[in-house]
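# Coordinate inspection notes
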Amino acid sequence: MPSTSKDTSLRQNKMLTMPMPKLIASMSLPSIIAFLINAIYSLADTYFVSGLGTNATAAVSVNSSLDQIIMMAGSLLAVGANSYIARLLGQGNKKKADQVLSSAFFLAIFFGMLVMVLGIAFMTPMVRMLGATATCEKYAIDYATYILLVAPFMAANFVMNQCLRAEGNSMLSMVGMGIGGIINCFLDPIFIIKLNLGVAGASMATAISKLISFSILIYPYITHRSILRISIRNFKPTVEIMKQIVSVGSSSMFRSGLAVVAAIVLNNIAGSISDSVLAGIGVSNKVMMFPFGIILGMGTGFQPVAGFCWGAKRYDRVRESFHFTSRVAVVGGLIMAVVLGVFANGFISLFAKADPEMQRLGALCIRIQCLAMPIHAWVATVNMLCAGLGDAKGALLLSTCRQGTCFLPIVHLLAYLFKAVGVVCVQGVADFLSLFLAIPVYRKTMKRLSEAEALDAAETA
């Protein structure tokens, strides 16, 4: 049996017969580790830069929105391709899955190049739009410069990362993202402190780590160690392929887009109060990347399982995978919320030793988000279920609510009523509100699943 055919057969057997707790754990654990490493090196930048002062810390916080903009260039293609590839592999259609991957990969590079060119051409207006104040503008430009240079590789990384998961290679995905992150942690103190490059050094270290991740992620594709293949000959962005990618991937793109809008609005409001408020929100959101990374890792491990089983018409496995993942995510979210809430002051003080106001507001921001974390965990799982089943409308609604429909309408109101306290509480309040949108989406999806089960039973009777 050819190697590729054997790999496909083994993967199908794994998806359809392995006990669900073991399957979800095997799919999720590498993703969780990769997200945690990503959170660590994101915090590493902030930790070493914080020694340069609150203004420098605020500049790194502002540039988190730039990462989201670059992610937009790849997320539309990556998440849509992930969902479609999982369903195609469930149907046994590898040839078309190769075309989907190659089309998403090369388009992501193009969109990343577009972001790079526009960002460099309009650098100063861009960082001001992102929320940089006059006191942190220079630092923001220093950090953005090198990140923009690797934007095409960052967008392509996102596609390869997602598509490796879609074919069941979560371990390769983890290694690619994880090694780059570890190297970044080692390079930060060398570039920032030893070479005295300051904020620009943090940006250089991150850029190098992204290039290393790209090299590792593309290796299995160019050496035929993966089930799928990246090839310019498979670059066939047909109307059908793009419709499938965009229908599901648009939810992720809008989520990233709204995250950018929400961050810009929040940064500008916070910056108008003080750099301490701006830095406090930025640091607390990076701390929250740890629990959210675990939740998102669970979801990204679960999504291809749901999509594959849906494509294979194993609706019982779809239902089982959702119930197991949602239970673990909610219980885990509750435990993490308690731990982070108790030690919030200690975490924030690592980045704000000389700024009591930043400490106070950052700790409050963490605690409010912790109160809503179990809700966020369940909503995220429902969102991944919709994406896995190709429900574009449900995925779009839930992916955009956290920093869109439940966030933007209240941010100015809370800032007006409660000033700095309102600004740091807005994300937690939005997470609570998202539950009211997720419940009807969940009921509709479960009804769709029941109808598919009934139809399949009638056809096989």
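Structure's up top.
This structure is a prediction, so every number in the text was calculated from the model and none was measured.

### Regarding the overall build of the chain
If you tally the helices and strands in the chain, you get 19 helices and 0 strands. Computed over its C-alpha atoms, the radius of gyration of the chain comes to 21 Å, within 12% of the 23 Å expected for a compact globule of 461 residues. By principal-axis analysis of the C-alpha atoms, the chain measures approximately 70 × 45 × 35 Å. Of all 461 residues assigned to the chain, the portion counted as buried reaches 58%. Sequence separation of at least 24 residues holds for 83% of the intrachain contacts in the chain that already meet a minimum separation of 6. Carbon together with sulfur atoms contributes 69% to the accessible area of the chain, which is approximately 18200 Å² in total. Of the side-chain charges in the chain, 35 are positive and 20 negative, and the distance between the mean point of each set is 4 Å.

### Details of the environment of S326
Mapped onto the secondary structure, S326 falls in helix 14 (residues 315–342). On the accessibility criterion, S326 (7% relative accessible area) is buried. Spatially, the C-alpha atoms of S326 and A377 are 7.5 Å apart, while their sequence positions differ by 51 residues. Excluding residues within four positions of it along the chain, S326 makes contact with W378 and T381.

### Re the nonpolar core
The biggest cluster of nonpolar side chains holds 75 residues, and the ones touching the most others in it are L66, M126, I366, M373 and V423. The biggest single contributor to this core is helix 19 (residues 408–460), with 10 residues. L66 has contacts with M126, L130, A144, I147 and L148, leaving out every residue within four places of it along the chain. Counting residues in hydrophobic clusters, the runner-up holds 69 residues, among them I245, V305, C309 and V318.

### Remarks on the environment of A58
Structurally, A58 can be placed in helix 3 (residues 54–62). Since its relative accessible area comes to 0%, A58 is described here as buried. Considering only alpha carbons, one finds A58 and T46, 12 residues apart in sequence, at a separation of 9.1 Å. For A58, the residues in contact, after removing those within four places along its chain, are C136, D275, L278 and A279.

Definitions and limits used
- Residues numbered from 1 in each chain as written.
- Predicted model: local features only at pLDDT ≥ 70, side-chain atom pairs only at ≥ 80, totals over all residues.
- Heavy atoms only, no water.
- Helix = DSSP H or I, 4+ residues; strand = E, 2+ residues; numbered from the N terminus.
- Rg over C-alpha atoms; globule rule 2.2 N^0.38 Å.
- Buried < 20%, exposed > 50% of the residue type's maximum accessible area, 1.4 Å probe, protein only.
- Contact = heavy atoms within 4.5 Å.
- Areas by Shrake-Rupley, 256 points an atom, 1.4 Å probe, with all protein chains shown as cover.
- Lys, Arg positive; Asp, Glu negative; His and termini not counted.
- Charge placed at Lys NZ, Arg CZ, Asp CG, Glu CD.
- Core = buried A, V, L, I, M, F, W, Y, C linked by side-chain atoms within 4.5 Å.

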